Amino acid sequence: MRKMKGKVWKFGNNIDTDQIIEAKRVNETNPEKYLMGQTDNKRFLEYYQKQENSIKGHIFIAGENFGCGSSRENALTLMKKVGIAAIVAKSFARIYYRNGVAVGFPLVECDYVDEISQGDIIEIDLNNRKIYNRTKLQEYEIHNIPSFIRQILDAGGIIPYRMKILKGE
Amino acid sequence: MGMTFAEKIIASHCGKEKVVPGEYVSDVKVDIITGSEYTINWAIEALKEYGYEGKIFKNTVPALDHFTPCNTPKSAEICSVVRKFVKKNDLRYLIEVGEGIEHQVLMEKTIVTPGDIQFGADSHTNQSGAISAFGIGAGSTDVASAMISGLIWLRVPETYKIAYYGKLQDFVEPKDLILFTIKKLGVNGANYKAVEFSGPVIRNMETEGRSTMCNMSAEMGAKAGYVPFDHKTEKFVKESAERFNNVTRLYDTEVTSRDFSDLKSDSDAHFSKFIKINVTDIEPQVAYPPSPGNTHPISETEKDRIKVNQVTIGTCTNGGISDLYNAAKILKKYGPKKNDIRVLVSPASVYVYSECLKNGVIQILLENGCVINPPSCGNCIGTHLGVLGPNEIEASTANRNFPGRCGDSTAERYLVNPEVAAATAIAGYICSPERLRK
């Protein structure tokens, strides 16, 4: 698995799917314009709406229970669409975590997110289970990804994983 | 050592004698796959993206319930995509526009049955635990993978057993018990866990009340919430199957002749937590925005004198026959509603609607100034059928009050039970029916 390096945007605990993207925007053409619009970090949307392409490769950091609420997958796939590299949180809500596995998007659990500040540059190394904070010159351990989940991620998501088995590969 | 209900169901669906919490199981067979028009549409798109053109799991049941009756041409288009998909793949059933909200209809028409593993692209799939099914919420891509294989992966959950005992006070409903529980455990207090609702209060509770509690087990992060199979479940399932002539039957045997007696935890099963809740001192509860866990007892809320612009009674969470009846009872006695408040009623299904027409509940609601919405999720998710403007406030019997959920992002929603909702419509501020008596 690859390494990811980028600028940090920080969010709080219990960021729910309606804060990430409101349910009513489901059928809009470019809902990503409102990404994270209802969260505690208002600076993000302001920045993003002004300079639309400049968040590619950035990393979201949050506390407990990120992605709680709805099963709406756009709360995750929009992250992919705008180019967010990864989300690091103390914990993820159940369905959100499953969705990450299903679409092959890196959701990283780490107990030390409070050490990381808004604007820090960090590098995530999934293989060595480490986050390197290039701004503060610190490193933090991340949770292990179970080997079964890795198999799905390595296949490119849950659909290719099942399709491979159906084809008898 | 014995197994919990969750462990038994998972073991029986993956051909194992025994499974233990924390274990990853790669191939668990599902009995039924569900979702709404837009989450199933995303699943269809995901399959297209990966180039899958093979067979689809027949027991996939989409519901056209979220943006319906359609609020935009786009949602109408999505509904037709789903209809075509159902037809092309000869799927077992489609819950049509206006028929009702998925979670309600699936149980009402015995489309989901006790002991089933239901994998649904909707976070409130947990609701079918009310009839001892194992309802698991998931995202669209995940659900699409089940649609092509009939299989899902699961991490076997630890089980929390929550036992409710004591005597319920006046105007205290299942909604209050679950709001109280979410507050006690926290909004992620049961993340990844199965939650077993038990104790004498649950044993005396009807399926509709159990539905409210299982539905909102999602608000504390639970993988599934359920009530063990008992005579009340048996009666509900039997009557439902007979009423709709079991038309949507999946199994070769009639649902009424299947043996569900083992759908409970063994007496020596291990629960990772056992929580006892004495309901005697519980008042009606009010969850303040921005979260279903931000709950206060009504006596505190009354001091806050929270004036509302709109009241919603119904939704999947509290849109059953008894819920509408309870609200109508208050409105009949103390109504009508206050002039400057809109009161919207969303029955959870057309069956509930029609029963409430027969028993006079709808008439009472209309005479007291309520607007009856068609069964739909629209108002709850803030898309149509009664959304809020800037800075408006709503008291609702729905399950969520996140920012931006009910219309404008500055609008706020308070979660309450149907009797409190009705009392609020009359008094103009959030209060217990107790206040109207004095």
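See the structure above.
As the structure is a computational prediction, the values presented were derived from the model and not from experiment.

Conventions adopted
Residues numbered from 1 in each chain as written. Chains lettered and ligands numbered in written order. Predicted model: local features only at pLDDT ≥ 70, side-chain atom pairs only at ≥ 80, totals over all residues. Helix = DSSP H or I, 4+ residues; strand = E, 2+ residues; numbered from the N terminus. Rg over C-alpha atoms; globule rule 2.2 N^0.38 Å. Buried ≥ 20, exposed ≤ 12 C-beta atoms within 10 Å, placed from the backbone. Contact = placed C-beta atoms within 7 Å. Pairing = 2+ DSSP bridges. Axes fitted to C-alpha atoms, helices over the stretch in contact; angles between N-to-C directions. Right-handed = clockwise from strand over helix to strand, strands pointing away. Parallel < 35°, antiparallel > 145°, perpendicular 65-115°, else oblique. Left-handed = near helix turned anticlockwise from the far one by under 90°.

Q: Please set out the overall build of chain A residue by residue, giving values where relevant.
A: When helices and strands are tallied, chain A shows six helices and seven strands. Starting at the N terminus, the α and β elements of chain A follow one another as β-α-α-β-α-β-α-β-β-β-β-α-α. Taking 2.2 N^0.38 as the reference for a compact globule, 169 residues should give roughly 15 Å; the C-alpha atoms of chain A span a radius of gyration of 16 Å, in line with that estimate. Dimensions of chain A along its principal axes, counting C-alpha atoms only, are 50 × 40 × 25 Å. In chain A, buried positions account for 49% of the 169 residues. Long-range pairs, those at least 24 residues apart, make up 66% of the contacts in chain A between residues at least 6 apart in sequence.

Q: Can you tell me about the sheet that holds strand β4 (residues 117-121) of chain B, naming the residues and giving the values?
A: Residue and element names in this part refer to chain B. Taken together, four strands build an open sheet; the order of strands is β3-β2-β4-β5 and the sheet is parallel. Each end of this open sheet is capped by a strand with a single partner; those strands are β3 (60-63) and β5 (134-137). Across the sheet, the mean angle from the axis of one strand to that of its neighbour is 20 degrees, orientation sign disregarded.

Q: Tell me what's going on with the pairing of strand β8 (residues 194-198) of chain B, and back it up with residues and numbers.
A: Residues and elements named next belong to chain B. Most of β8 is tucked away, with five of its five residues classed as buried. Side chains A194, E196 and S198 project from β8 onto one buried face, and the interleaved V195 and F197 project onto a second face that is buried too. Here strand β7 (residues 159-165) runs beside β8; their pairing, made up of five bridges, is parallel. The partner of Y160 across the bridge, within β8, is V195. Between the parallel pair β7 and β8, the chain is carried across by helix α6 (residues 174-185), and the sense of this crossover is right-handed. Bridge analysis of β8 against strand β9 (residues 224-226) gives three bridges, and the strand direction is parallel. Each bridged residue has a counterpart across the sheet, and for A194 the counterpart in β9 is A224.

Q: I'd love a proper account of unusual backbone geometry, names of residues and values included.
A: With omega at 10 degrees, the peptide bond leading from P289 of chain B into P290 of chain B counts as cis. Position of P290 of chain B among the secondary structure elements: in the loop between β11 (285-287) and β12 (295-297). Cis geometry marks the peptide bond from G335 of chain B to P336 of chain B, where omega comes out at 5 degrees. A positive phi is found at N14 of chain A, a non-glycine position, where the angle reads about 50 degrees. Mapped onto the elements of the fold, N14 of chain A is located in the loop between β1 (3-10) and α1 (17-20). Given 23 C-beta atoms within a 10 Å radius, N14 of chain A is considered buried.

Q: Please set out the sheet that holds strand β4 (residues 107-109) of chain A residue by residue, giving values where relevant.
A: Residues and elements named next belong to chain A. The seven strands are arranged β4-β3-β2-β1-β5-β6-β7 in an open sheet whose pairing can be described as mixed. The open sheet terminates on both sides in strands that have one partner only, identified here as β4 and β7 (138-141). For this sheet, the mean inter-axis angle between neighbouring strands, taken without regard to orientation, is 30 degrees. Relative to strand β6 (residues 130-133), strand β5 (residues 121-125) runs antiparallel, the two being bridged by four bridges. In the strand pairing of β6, D125 is matched with K130.

Q: Help me get a handle on the environment of I313 of chain B, residues and values and all.
A: Residues and elements named next belong to chain B. Residue placement: I313 occurs in strand β13 (residues 310-314). Each C-alpha atom of the pair I313 and V343 lies 7.6 Å from the other, and the pair is 30 residues apart in sequence. Once you skip the residues sitting within four places of it in the chain, I313 turns out to touch L324, A327, V345, T397, P418, A421 and A422.

Q: Tell me about helix α6 (residues 158-166) of chain A, and name the residues and values.
A: For α6 of chain A, the set of buried residues is I158, I159, Y161, R162 and M163 of chain A. Contacts from the buried residues of α6 of chain A go to α4 (94-103) and α5 (147-155) of chain A together with α2 (37-49) and α5 (140-149) of chain B. Positive backbone phi, approximately 75 degrees, marks G168 of chain A, located one or two places after α6 of chain A.

Q: How would you explain the packing of α6 of chain B against helix α8 (residues 207-216) of chain B if you had to name every residue and give the values?
A: All names here are of chain B. Running from N to C, α6 and α8 point in directions that differ by 25 degrees, and their axes come no closer than 8 Å. Between α6 and α8, the interaxial angle falls into the category roughly parallel. For the pair α6 and α8, the crossing hand works out as right-handed. Taken together, the residues of α8 that come into contact with α6 (itself represented by P174, K175, L177, I178 and I182) are G209, T212, M213 and M216.

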